[in-house]
Each structure stands twice: as structure tokens, then as C-alpha cells.
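Survey of secondary and tertiary structure
Residues per chain are reported as follows:
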Amino acid sequence: AAALAQWLVLDGSWAALGLGLLVGVAGPLAEIPFMELGLWHYLAPDYYPFGADAPGLSSLTGPCYFAVTQDAAALGRLFDDSSPEK
């Protein structure tokens, strides 16, 4: 809920929501190959998208990726010289 509130406050556009959802799903899944190689792990995983025999993720990872995507978009607009001034 907090990540959606952040999206509403910082942007509120459908494009930002779509990008945040895409990154929120794909980002954590992209970590799995690194975990399979033993390069990364979560101390207390509670979400196993590919079954209990595969590496686990933290259920907070997806919302964090979503929130950071919204932060990056907001900072991009802030530092973009071509954006109209308010």
C-alpha cells in the first residue's frame, strides 16, 4: 500500500505504474540466477516463486523495486533540464 501511495504522490501516471509493476516483478526474478550461483542469498526468504527447492526471495523485494523505480522516475524529472518548470 505504501508503494502505491508513493506512486500517487510522485507521479500518478499509468506509464509509471506499468514500469513500476514490471520492475517489481522482473527485478526480484532477475536475482535468482545470482542466488543459484551462490553469489547472493536472503537471510530469511519467505517467497519461493519456483518451488521450495529453488532459491527464495523476501516478500519485501518486489515492493522495494517498485518504490525505487518511482524514486528514479521522480529524480529523473527533477534533474531533466527540458521539463517544463512549475
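Quick summary incoming for the structure in this document. Computed from a prediction, not measured in an experiment: that's the story for all the values here.

1. Thoughts on the overall build of the chain
When helices and strands are counted, the chain shows three helices and zero strands. Over its C-alpha atoms the chain spans a radius of gyration of 16 Å, topping by over 25% the 12 Å that the globule rule assigns to 86 residues. In terms of overall dimensions, the chain has a C-alpha envelope of 50 × 25 × 20 Å along the principal axes. Among the 86 residues that make up the chain, the fraction classed as buried is 28%. Put simply, 49% of the contacts in the chain that link residues at least 6 apart link residues at least 24 apart.

2. Comments concerning the pattern of salt bridges
Taken as a whole, this structure holds one salt bridge when the rule is applied. When the shortest N-O distance is used, the salt bridge between Asp-11 and Arg-77 registers 3.0 Å. Of this pair, Asp-11 sits in the loop between α1 (2-10) and α2 (14-36) while Arg-77 sits in helix α3 (residues 61-79), and the two are 66 residues apart along the sequence. Here Arg-77 falls in the partly exposed class, since its relative accessible area comes to 36%.

3. Considering α2
Taking 1.5 Å of rise per residue, 23 residues should cover 33 Å, and α2 covers 34 Å from first to last C-alpha, within 8% of that figure. Among all positions in α2, only Ala-16, Leu-17, Gly-20, Gly-24, Gly-27, Pro-28, Glu-31, Ile-32 and Met-35 are buried. Check the buried side of α2 and you find it contacts α1 and α3. A positive phi of about 80° marks Gly-38, the residue just after α2.

4. Considering the side chain of Glu-31
With respect to the element layout, Glu-31 can be found in helix α2. An unpaired buried charge is present at Glu-31: no salt bridge exists, and Arg-77, the closest side chain of opposite charge, is 23 Å distant. Within the structure, Glu-31 has its side chain in polar contact with the side chain of Tyr-65 (distance 2.7 Å). Excluding its chain neighbours within four sequence positions, the residues that come into contact with Glu-31 are Trp-40, Tyr-42, Leu-57, Thr-61 and Tyr-65.

5. Digging into the packing of aromatic side chains
One pass over the structure, following the stated rule, counts two aromatic pairs. Aromatic side chains Trp-40 and Tyr-42 sit 5.6 Å apart centroid to centroid with 85° between the ring planes, which places their arrangement in the edge-to-face category. Judged by its relative accessible area of 44%, Trp-40 is partly exposed.

6. What to know about the packing of α2 against α3
Interaxial distance between α2 and α3 falls to 8 Å at its minimum, and their mutual angle equals 135°. When the interaxial angle is binned, α2 and α3 end up oblique. For the crossing formed where α2 meets α3, the hand is right-handed. Contact residues: Ala-16, Leu-17, Leu-19, Gly-20, Leu-21, Val-23, Gly-24, Gly-27, Pro-28 and Glu-31 in α2; Thr-61, Gly-62, Tyr-65, Phe-66, Thr-69 and Gln-70 in α3. The residue makeup of the contact of α2 with α3, split by class, is eight nonpolar, seven polar and one charged.

Scoring rules and cut-offs
- Residues numbered from 1 in each chain as written.
- Predicted model: local features only at pLDDT ≥ 70, side-chain atom pairs only at ≥ 80, totals over all residues.
- Heavy atoms only, no water.
- Helix = DSSP H or I, 4+ residues; strand = E, 2+ residues; numbered from the N terminus.
- Rg over C-alpha atoms; globule rule 2.2 N^0.38 Å.
- Buried < 20%, exposed > 50% of the residue type's maximum accessible area, 1.4 Å probe, protein only.
- Contact = heavy atoms within 4.5 Å.
- Salt bridge = Lys/Arg side-chain N within 4 Å of Asp/Glu carboxyl O.
- Expected span 1.5 Å × (residues − 1).
- Lys, Arg positive; Asp, Glu negative; His and termini not counted.
- Polar contact = N/O pair within 3.5 Å; in protein donor to acceptor, adjacent residues only side chain to side chain.
- Phe/Tyr/Trp six-rings, centres within 6.5 Å; stacked < 30°, edge-to-face > 60°.
- Axes fitted to C-alpha atoms, helices over the stretch in contact; angles between N-to-C directions.
- Parallel < 35°, antiparallel > 145°, perpendicular 65-115°, else oblique.
- Left-handed = near helix turned anticlockwise from the far one by under 90°.
- Nonpolar A, V, L, I, M, F, W, Y, C, P; charged D, E, K, R; others polar.

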